[in-house]
Amino acid sequence: MRVLLVGSGGREHALAWKLRQSPTVSELFIAPGNGGTAGLGHNVPIADSDVEGLCAFAREKGVALTVAGPELPLTLGLTDAMDALGIPCFGPDKYAAGLEGSKAFAKEVMRQAGVPTADFRVFDDPDAARAYLDQVGAPVVVKADGLAAGKGVVVAKTVAEAKTAVSDMMEKKMYGPAGERVIVEEALCGEEASFLAFCDGGTCVPMTACQDHKAAYDGDKGPNTGGMGAYCPAPILPESDYGRMADMVFAPILRVLAARGHPFRGVLYAGLMMTEKGPLVLEYNVRFGDPECQPLLARLRGDLAEIMLACATGTLDAAMVGWSRQSAVCVVMAAAGYPGSYQKGMEITGIDLAEADPDVTVFQAGTRREARRIVTSGGRVLGVTALGEDLGAAQKRAYAAVSKIAFDNAFFRTDIGDKGLRREAGK
Ligand code: AMP
Ligand code: GLY
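Just so it is clear, the structure is predicted and the values come from calculations on it, not from any experiment.

This part is about the overall build of the chain. Helix and strand counts for the chain come out as 15 helices and 25 strands. Here the C-alpha radius of gyration of the chain, 21 Å, is about what a compact globule of 427 residues would show, namely 22 Å. When the backbone C-alpha atoms are referred to their principal axes, the chain occupies close to 60 × 45 × 45 Å. The buried share among the 427 residues of the chain stands at 58%. Here the analysis covers contacts within the chain between residues at least 6 apart in sequence; of these, 67% occur between residues at least 24 apart. Summing over all exposed atoms, the chain offers an accessible surface of approximately 16800 Å²; the carbon and sulfur share of this is 50%. Separation between the mean location of the 44 positive side-chain charges and that of the 52 negative ones in the chain comes to 1 Å.

This is the structure in structure tokens:
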């Protein structure tokens, strides 16, 4: 079958890499793709937000499965539009994608489903939000309701800081319409974990737990990024807890959405905070995490195209999904300055050398092919991913691979996986 994959990041290179391994995939199109996906299929110059263009292309090419990498096309109704054409699409419809597209909607669904989450209030009026902040005090979290490219969350240490966030979001409209409504939420303490599941509307099959590293620098210092590295399985959520956790954070959400006539099909991603009082859901995403996708797919045993088609058509079976017993670590190599401004167009060398190790795959994120060269074109440039018999071995192999790759002003965290290693050591 012909498959259309939408997106252009490291996650999409990993998705393309895994889809290409499926014997049922005859042709793969990636819209718009990147330097990495160019080697696995045909990059087509259609933006991930161009729902009409994607649909026209899918129809023209006789695409049998569309896969949405990022959330944006889903919140714009890609699945609804593909459904109307009779083309199965991996990813929830526009209504269910609201779990990520609107934090107020996510909270409302969580409340009905009985999913444990931080206490919160929703505000459309900045004065009311400020009065509430005076009442609850700090620390406190202020979140823009809508999609703000991962930037609409302020964990405020003081009430003044929280009020500034309210004013930035609601009055200065720093995130445009996404910040017209805000959520004020109780600040939680703990370690975070990413727990994802394949869902077909009724059935959910959890993946192994991951841990992302959102801060730019070692020791979780510096500004928040899209993610500087991830590994799995993450010992913070042991395998023996997956079933119980899935019953708590996935199954009730699927039930609520199915009852509302919008069965959730695709990847449901629960961002968990492991607090002293137990795990609470910080947020839902309606897609694979980036970079969580890279180590997850490195370990996935199963036919991804078959799994995705089954999710899209309501025929998922747990037997389709298996995992290698190895650990996987993905270290993101970024361009200096990221997540702020950074240079583009630097030549990347050493990817072949790094991939000479059969347990290493270099997923490309912000790259572009230029004649015979690969050059940087984004902030997060590469996701160097390695397998190993345990977390320590995978980490060592990933960093050995990183050391073989070079581009001007490259930077990366040197502690991806350390939290898991400390936990395993009982420290
Ligand atoms: P979100 O987009 O909701 O996941 O928020 C982004 C990041 O902000 C999370 O990964 C956490 O690190 C942090 N965060 C969000 N909500 C809270 C909270 N209630 N308490 C503490 N930190 C939070
Ligand atoms: N890595 C976090 C995310 O994709 O949302």
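Quick look at unusual backbone geometry now. Here the residue pair Asp290 and Pro291 is connected by a cis peptide bond, since its omega of 25° sits within 30 degrees of zero. Within the secondary structure layout, Pro291 lies in the loop between β17 (278-285) and α11 (293-299). Non-glycine residue Lys173 carries a positive phi angle of around 50°. Looking at the secondary structure, you find Lys173 in the loop between α8 (159-171) and β9 (182-186). The phi dihedral of Asn409 falls on the positive side, at around 60°, and the residue is not glycine.

To continue, consider the site of ligand 1. Among the 14 residues in the neighbourhood of ligand 1, the closest are listed as Glu185, Leu188, Glu192, Lys214 and Glu283. Between Lys103 and ligand 1, the recorded distance is 3.3 Å, taken from a side-chain N or O atom to an oxygen atom. Contact distances for ligand 1 include 2.9 Å between an oxygen atom and a side-chain N or O atom of Glu283. For ligand 1, the protein covers 89% of the area, taking 470 Å² as the surface of the free molecule. Mapped by element, the contributors of at least two residues to the shell around ligand 1 are β7 (140-144), β8 (153-156), β9 and β17. Within the shell around ligand 1, the residues separate by chemical class into seven nonpolar, no polar and seven charged.

Each full turn of the α-helix corresponds to 3.6 residues, which orients residues three or four apart in the same direction. By the burial criterion, the buried members of helix α2 (residues 51-61) are Val51, Gly53, Leu54, Cys55, Phe57 and Ala58. Structurally, α2 contributes buried residues whose contacts are with β1 (2-7), β2 (27-32), β4 (65-68), α3 (72-75) and α4 (78-84). Of the residues trailing α2, Gly62 is marked for its positive phi of about 65°.

Most of strand β16 (residues 265-275) is tucked away: ten of the eleven residues are buried. As judged from the ten bridges shared by strand β10 (residues 191-200) and β16, these two strands associate in the antiparallel manner. Each residue of the ladder has a partner; that of Cys199, found in β16, is Gly266. Here seven bridges tie β16 to β17, and the two strands are oriented antiparallel to one another. Within β17, the position partnered with Met273 by the bridge is Leu280. What sits between the antiparallel neighbours β16 and β17 is a turn of two residues.

Applying the stated criterion across every chain yields a total of zero disulfides. The thiol sulfur of Cys204 is not disulfide-bonded, and the nearest other cysteine sulfur, from Cys199, lies at 5.3 Å. No disulfide involves Cys232; its nearest neighbouring cysteine sulfur is the one of Cys210, lying 4.4 Å away.

Our focus in this paragraph is the side chain of Ser194. Locating Ser194 in the fold gives a position in strand β10. Exposure remark for Ser194: the relative accessible area of 4% places this residue in the buried category. At 3.3 Å, the side chain of Ser194 and the side chain of Tyr269 are in polar contact. A distance of 2.7 Å separates the side chain of Ser194 from the side chain of Glu292, its partner in a polar contact. Those residues within four positions of Ser194 in sequence are excluded, and the remaining contacts are Ala209, Cys210, Asp212, Tyr269, Ala270 and Glu292.

Looking at the element boundaries, Arg287 is found in the loop between β17 and α11. Polar contacts involving the side chain of Arg287 include one to the side chain of Glu71, which spans 2.8 Å. In this structure the side chain of Arg287 is engaged in a polar contact, spanning 3.5 Å, whose partner is the side chain of Asn285. Sequence-distant contacts of Arg287, that is, excluding residues within four places in its chain, are made with Arg11, Gly69, Pro70, Glu71, Glu100, Leu196, Val267 and Tyr269.

So, about helix α12 (residues 304-313). Along α12, seven of the ten residues are buried, which leaves the element largely enclosed by surrounding structure. Regarding α12, the residues found buried are Leu304, Ala305, Ile307, Met308, Ala310, Cys311 and Ala312. In this structure Asp303 caps α12, since a side-chain oxygen of it lies 3.1 Å from the backbone nitrogen of Ala305. Positive backbone phi, at 75°, marks Gly314, one or two positions downstream of α12.

Another point: the site of ligand 2. Taken together, Asp212, Gly226, Tyr269, Asn285, Arg287, Gly289, Asp290, Pro291 and Glu292 are the residues near ligand 2. Asn285 has a polar side-chain atom sitting 3.4 Å from an oxygen atom of ligand 2. Separating a nitrogen atom of ligand 2 from a side-chain N or O atom of Glu292 is a distance of 2.8 Å. Protein coverage of the free-state accessible area of ligand 2, which is 200 Å², stands at 89%. The residue inventory of the shell around ligand 2, partitioned by class, reads two nonpolar, three polar and four charged.

How each quantity is defined
Residues numbered from 1 in each chain as written. Chains lettered and ligands numbered in written order. Predicted model: local features only at pLDDT ≥ 70, side-chain atom pairs only at ≥ 80, totals over all residues. Heavy atoms only, no water. Helix = DSSP H or I, 4+ residues; strand = E, 2+ residues; numbered from the N terminus. Rg over C-alpha atoms; globule rule 2.2 N^0.38 Å. Buried < 20%, exposed > 50% of the residue type's maximum accessible area, 1.4 Å probe, protein only. Contact = heavy atoms within 4.5 Å. Areas by Shrake-Rupley, 256 points an atom, 1.4 Å probe, with all protein chains shown as cover. Lys, Arg positive; Asp, Glu negative; His and termini not counted. Charge placed at Lys NZ, Arg CZ, Asp CG, Glu CD. Near = heavy atom within 4 Å. Polar contact = N/O pair within 3.5 Å; in protein donor to acceptor, adjacent residues only side chain to side chain. Nonpolar A, V, L, I, M, F, W, Y, C, P; charged D, E, K, R; others polar. Pairing = 2+ DSSP bridges. Disulfide = S-S within 2.5 Å.

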